[in-house]
Amino acid sequence: TLPRRAVPTLDGELAEADLAEEPDEEAAALAVASDELVDAAVGVLMELLDLLRVEGEVEVRSRSYPLTLNVHGEDLGILIGRHGDTLSSLQFMVNLLVGRRMGRWTRVVVDVEEYRQRRERTLRDVAGRAAERVRRTRQTVTLEPMPSNERRIVHMTLQGDRFVATHSVGEGDSRKVVISPRGR
């Protein structure tokens, strides 16, 4: 049998787990939101939807770290906003309010009609097409400005590509990902 050790849960409690070769991955996989955290997060999100007079149903998509909630309904584009800005603000508010209710910092991802999943697929496709163009032309490609979480998706998508390299340029809301041939 493997030796055991205490690993943190999402609620800051400790749970006993077998040690594996990759303890950090194991700890992350074992971190599961408690009923108290799920109830608080769902409650806060539903209260915010009520205050915004938006009808939607809140689903718990994943209890593993980070807790992920998804809002379903009709005409929810107002919750997403331009380039997901409103959704990011809604998520910030949920995290702030849940953290206050729980008395500690928590991480809750809020999605609306799987927007974040669709956006990630789109960003991976854009990154792949841009990398192919860079490989073919040996010319640098600069993508549109995007928030840090989206730039990270592009960087992670292309990190294993031996023919291209990525880095970010610009400041604030104008930061962009630059994809260039390796060695340049």
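Residues numbered from 1 in each chain as written. Predicted model: local features only at pLDDT ≥ 70, side-chain atom pairs only at ≥ 80, totals over all residues. Heavy atoms only, no water.

A. The overall build of the protein chain, seen in detail. Helices and strands together make up the secondary structure of the protein chain, namely six helices and eight strands. Counting from the amino terminus, the protein chain carries its helices and strands in the arrangement β-β-α-α-β-β-α-α-β-α-β-α-β-β. Considering the protein chain as a whole, with its 184 residues, one finds that 35% of them fall into the buried category. Across the protein chain, contacts joining residues at least 24 apart in sequence account for 52% of those joining residues at least 6 apart. Here the protein chain has roughly 11400 Å² of accessible surface; of this, 49% comes from carbon and sulfur atoms. (Helix = DSSP H or I, 4+ residues; strand = E, 2+ residues; numbered from the N terminus. Buried < 20%, exposed > 50% of the residue type's maximum accessible area, 1.4 Å probe, protein only. Contact = heavy atoms within 4.5 Å. Areas by Shrake-Rupley, 256 points an atom, 1.4 Å probe, with all protein chains shown as cover.)

B. Geometry of the packing of helix H5 (residues 115-137) against helix H6 (residues 148-158). In the contact formed by H5 and H6, the axes pass within 9 Å of each other and the chain directions differ by 50 degrees. By the angle between their directions, the pair H5 and H6 is classed as oblique. For H5 against H6, the interelement crossing comes out right-handed. Of the residues in H6, those touching H5 at Tyr-115, Arg-116, Arg-119, Glu-120, Leu-123, Arg-124, Ala-127 and Ala-131 are Asn-149, Glu-150, Ile-153, Val-154, Thr-157 and Leu-158. (Axes fitted to C-alpha atoms, helices over the stretch in contact; angles between N-to-C directions. Parallel < 35°, antiparallel > 145°, perpendicular 65-115°, else oblique. Left-handed = near helix turned anticlockwise from the far one by under 90°.)

C. Main features of the nonpolar core. Within the largest apolar cluster, 27 residues are counted, with the highest numbers of intra-cluster contacts made by Leu-45, Leu-67, Leu-69, Val-71, Leu-79, Val-94 and Val-98. At nine residues, helix H2 (residues 35-51) tops the list of elements feeding residues into this core. What Val-94 contacts, discounting residues up to four positions off in sequence, is Val-44, Leu-45, Leu-48, Val-108 and Val-110. Counting residues in each nonpolar core, the second largest holds 14 residues, with Ala-131, Val-134, Met-146 and Val-177 among its members. (Core = buried A, V, L, I, M, F, W, Y, C linked by side-chain atoms within 4.5 Å.)

D. Focus on unusual backbone geometry. Along the chain, Tyr-65 connects to Pro-66 via a cis peptide bond; the corresponding omega equals -10 degrees. Positive phi values are uncommon outside glycine, yet Glu-113 reaches one of about 50 degrees. For Glu-113, the location among the structural elements is in the loop between strand E5 (108-112) and H5. Glu-113 sits in the partly exposed class, given a relative accessible area of 25%.

E. Quick look at H6. For H6, the full list of buried residues reads Glu-150, Arg-151, Ile-153, Val-154 and Leu-158. Buried residues of H6, seen end-on, are gathered within an arc of 155 degrees and therefore sit on one face of the element. Among the exposed residues of H6, those pointing more than 90 degrees away from its buried face are Ser-148 and Arg-152. Looking at the buried side of H6, the elements it contacts are H5, strand E7 (164-169) and strand E8 (176-181). (Arc of directions from axis to C-beta.)

F. Focus on the sheet that holds strand E6 (residues 141-142). In spatial order, the strands read E6-E8-E7; together these three strands make up an open sheet with antiparallel pairing. Each having just a single partner strand, E6 and E7 make up the two edges of the open sheet. Contacts from H5 reach E6, E7 and E8, with the element oriented near 35 degrees to E8. (Pairing = 2+ DSSP bridges.)

G. Structural context of the pairing of E7. Note that E7 and E8 share six bridges and pair antiparallel. Of the residues in E8, the one forming a bridge with Ser-168 is Val-177. Linkage of E7 to E8, two consecutive antiparallel strands, is achieved through a turn of six residues, within which Gly-170 is found at a positive phi near 100 degrees.

H. Summary view of the sheet that holds strand E4 (residues 67-72). An order of E3-E4-E5 is seen for the three strands of this open sheet, with the pairing classed as mixed. The open sheet has two edge strands with one neighbour each: strand E3 (57-62) and E5. Mean inter-strand twist for the sheet, computed between neighbouring axes without regard to direction, equals 30 degrees. Where E3 and E4 come together, five bridges link them in antiparallel fashion. Within E4, the residue paired with Val-60 across the bridge is Leu-69. Across the sheet, H2 is in contact with E3, E4 and E5; its angle to E4 comes to roughly 35 degrees.

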